[in-house]
Amino acid sequence: MDSYPGDFPFGIMDVVELLHLRIRRRQANSVYVDCPFCGDRRGKMNVNFVKNVWRCNYCDEHGGMLALYARLNNTTTSDAYWEIGEALCNDFHRERPNSGYEMAGNQQAGTGSPVSGTQTDLAGYERRGELKTVQQALFVLSLFDDTERGYEAMHTQLSRLFTQNRTLSLVYDFGVLEWFIRFYAEQAKKYRGKADLVLRTLMKLPYMNVKPDSREFSVLTKAGYRCDEIILANSLAVWADRLPDRLSSKSITAEKIAAACGRMLLNAPKDLSEEFYEYLGWLFRFYDSFTVKYEGFQGLWEAVQYGLNPTAPKTLLWMNQTIQKDFPYRFDVFDPQYDDLAKELERDNYMELFTLQMLHSRQAIPLKQWLSRYQELTGADYGEYFRSCHKNSGRAFAFLVERKEIDLWEFFEQHRDGGEYAPQLKLLREYALRISSWRCFRFVERLLAEYTFPHLQTIFGERFYFHECFVRSEGYYSRREYKTYISRPFLTAEQQRQLYDWVELSFFQTEPEKYEDFVLSALKAPEIQRLYDKKALAAVLRQFFLHSEYNGYEINRLKETFYSKEELEDERRVEAERKEQEKRLEQEKRTIQKREKLQQLYNGSAESLVKFIGGYYHQDEKNEVLNMAFDKLVEWPVGCVRTMEAKGAHAFFELCGELVKSEPRPRHEILNMVLTLIGGEAA
């Protein structure tokens, strides 16, 4: 065996001293000595006096404390135990009857086997109840050289000691359980009786996620194991590095086990010991980023926080100092057990925690008691919370304003010279100037009675625009438009109209170039349409058209909304007449352009007329230019075609073909013109 469970009256350093091994170097948990097996004299053998194990880094010999003595003295580990004890302890023989190991002492000296004489003595142990602890039973088991025969002899005692007479803690004695699983898991699996079910289940801890709804979890809880003990042992099993086939610490199952363990420890109702907080901290560091990221969780914190409700004072303190993540903590500020939070945490962190509790349970306890409690715990006024920016400062400010603990006007007068970046002015901008309540409306009403909007920009900053609290710019690039949001349910209709007037004035005084866009957005806003009379809005729309060139679908929708039926019909008629007139003027303009072109191109030849009509393809335009060409042809003398050259005659007959094809004039007029020019008689 490589190592053994505890309850030894000596340690491996006693064995090193007994064997006169030369120590070369010392470390925190181990020493390096000369290896007695390979003869190396450079101190290559490491002796770990915490785990009572040794290994030579040169020849790779390794083992436990008893194996070191047994191999060098050519004896069994059983005999090695007694020889070491007798050499180191003067009263070792007197301790043996009370130690629970007297079975091994009844062996025949020099047999070299711990099994001889053992089977009959085990029955005596069970009758007298002398094996009181799991550790004692495992020590006796370790003395067997044949693991199968040893487990066969001891499994009844082990079944009893791991269930109703359990003395082993899965958490504090997990190293013992790890040793048992490492060397005897295969033997334990062979026994299929109900009495052996707990042992078989314990063997599964390093290889699966023992979830609370699993059969394995139920088996262990019925055997007397606590739920938190099982979950924590399951997590510790992931790090049992002497079990090479255990779960990978980076597997999805290990991530789920770590999440269950972290949530369980943090939700513990009482403070944990320091070693558990150290283990938690190590888990959060190791799983800061999950490898598999099961269910989309990026790390252990993201997986743990769902279902998390820490209440232990020390746990709350540890989370705020170590994890330092945003979380809606809940605890009773008035409970003295949480007073240490105010002493141990930094002031800003505690202010944030205190504020969360006040906002969460604000209806249960009068506000003045909260403020007095804060002063009692910290020795400072709660108003210091608003001297810097915090996550919940806006909510806390609104709460104190509505509970009349803060007067907005006095607050403004006190901090108006603080500059645009002052946290107090930021609170006023984000809460009061947005008209978040009726008190805010009264504050703004008084503020605008004394200050203009450009003056307010000198107080709140050049980038402050009152109207931005109520009008948002939406869209992208050239399609940006404004949306108006001025509806406040706590205001009367008259007060909402007053608010709209303030917003309009703010646009006009501070951003006049955007005023028309604002008016259009206001006309489209349903809340504005409910506030004002339809005729008044129609008059605003008409006035708007006098100073802008907006058109399109939205403008037509506004007209349909605000104009009467008669007004819409009149506008459509006027619009139709206007379009008809524009069309007529455009036609006359094109005709003049054609005549000018004809005048430029026509030189008395048929070729020039063909060139003139060649640039037009639309039928109406083609008929118009053919009419112009016809008027020129009728001016030619009778029979002139006979004297034309072949090129001119070809152009003439091409022109005649276009006239016959399009018929801009009656066909008989075209034929009479052709016959006349050829020299024949007209039809």
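Residues numbered from 1 in each chain as written. Predicted model: local features only at pLDDT ≥ 70, side-chain atom pairs only at ≥ 80, totals over all residues. Heavy atoms only, no water.

A. The overall build of the protein chain, seen in detail. Scanning the protein chain for helices and strands turns up 34 helices and seven strands. In terms of overall dimensions, the protein chain has C-alpha extents of about 155 × 80 × 55 Å along its principal axes. Within the protein chain, the proportion of its 683 residues that are buried is 47%. Put simply, 59% of the contacts in the protein chain that link residues at least 6 apart link residues at least 24 apart. Summed over all atoms, the accessible surface of the protein chain reaches about 36,600 Å², with 47% contributed by carbon and sulfur. If the 92 positive side-chain charges of the protein chain are averaged to one point and the 101 negative ones to another, these points end up 3 Å apart. (Helix = DSSP H or I, 4+ residues; strand = E, 2+ residues; numbered from the N terminus. Buried < 20%, exposed > 50% of the residue type's maximum accessible area, 1.4 Å probe, protein only. Contact = heavy atoms within 4.5 Å. Areas by Shrake-Rupley, 256 points an atom, 1.4 Å probe, with all protein chains shown as cover. Lys, Arg positive; Asp, Glu negative; His and termini not counted. Charge placed at Lys NZ, Arg CZ, Asp CG, Glu CD.)

B. Examining the sheet that holds strand β4 (residues 53-56) more closely. The strand order β1-β2-β3-β4-β5 describes an open sheet built from five strands, whose pairing is antiparallel. The open sheet has two free edges, formed respectively by β1 (23-26) and β5 (62-64), since each of these has just one partner strand. Taken pair by pair, the neighbouring strands of this sheet meet at an average axis angle of 20°, ignoring direction. Taken together, the three bridges between β4 and β5 define a ladder with antiparallel strand orientation. From the neighbouring strand, R55 faces β5, where its bridge partner is H62. Packed on one face of the sheet, helix α2 (residues 65-73) meets β3 (45-48), β4 and β5 and runs near 115° to β5. (Pairing = 2+ DSSP bridges. Axes fitted to C-alpha atoms, helices over the stretch in contact; angles between N-to-C directions.)

C. Structural detail: the environment of C227. Within the secondary structure, C227 is located in helix α12 (residues 227-237). Taking the C-alpha atoms as reference, C227 lies 65 Å from F507; in sequence the two are 280 residues apart. Excluding residues within four positions of it along the chain, C227 makes contact with F217 and T221.

D. A look at unusual backbone geometry. Unusually for a residue other than glycine, K293 sits at a positive phi of about 60°. In this fold, K293 is placed in the loop between α14 (274-286) and α15 (300-304).

E. View of the packing of aromatic side chains. Across all of its chains, the model carries 57 aromatic pairs by this definition. On the numbers, 4.4 Å between centres and 85° between planes, the contact of W239 with W282 is edge-to-face. Highlighted residues: W239 in the loop between α12 and α13 (252-266) and W282 in helix α14, separated in sequence by 43 residues. Residue W239 is classed as partly exposed on the basis of its relative accessible area of 22%. (Phe/Tyr/Trp six-rings, centres within 6.5 Å; stacked < 30°, edge-to-face > 60°.)

F. The pattern of salt bridges, seen in detail. Inspection of the entire model under this criterion finds 33 salt bridges. For K204, the salt bridge is made with E216, and the minimal N-O distance between the two is 3.3 Å. Of the two residues, K204 sits in the loop between α10 (197-202) and α11 (215-222) while E216 sits in helix α11, which places them 12 residues apart along the sequence. Overall, the relative accessible area of 31% leaves K204 in the partly exposed class. Using a relative accessible area of 12% as the deciding quantity, one classes E216 as buried. With a shortest N-O distance of 3.8 Å, E420 and R463 are connected by a salt bridge. Within this pair, whereas E420 is found in the loop between α21 (408-415) and α22 (423-432), its partner R463 is found in the loop between α24 (453-460) and β6 (471-474), the two being separated by 43 residues in sequence. Take E420: its relative accessible area is 27%, and that puts it in the partly exposed class. Connected through shared salt-bridge partners, E586, R590, K594, E621 and E624 make up one network. (Salt bridge = Lys/Arg side-chain N within 4 Å of Asp/Glu carboxyl O.)

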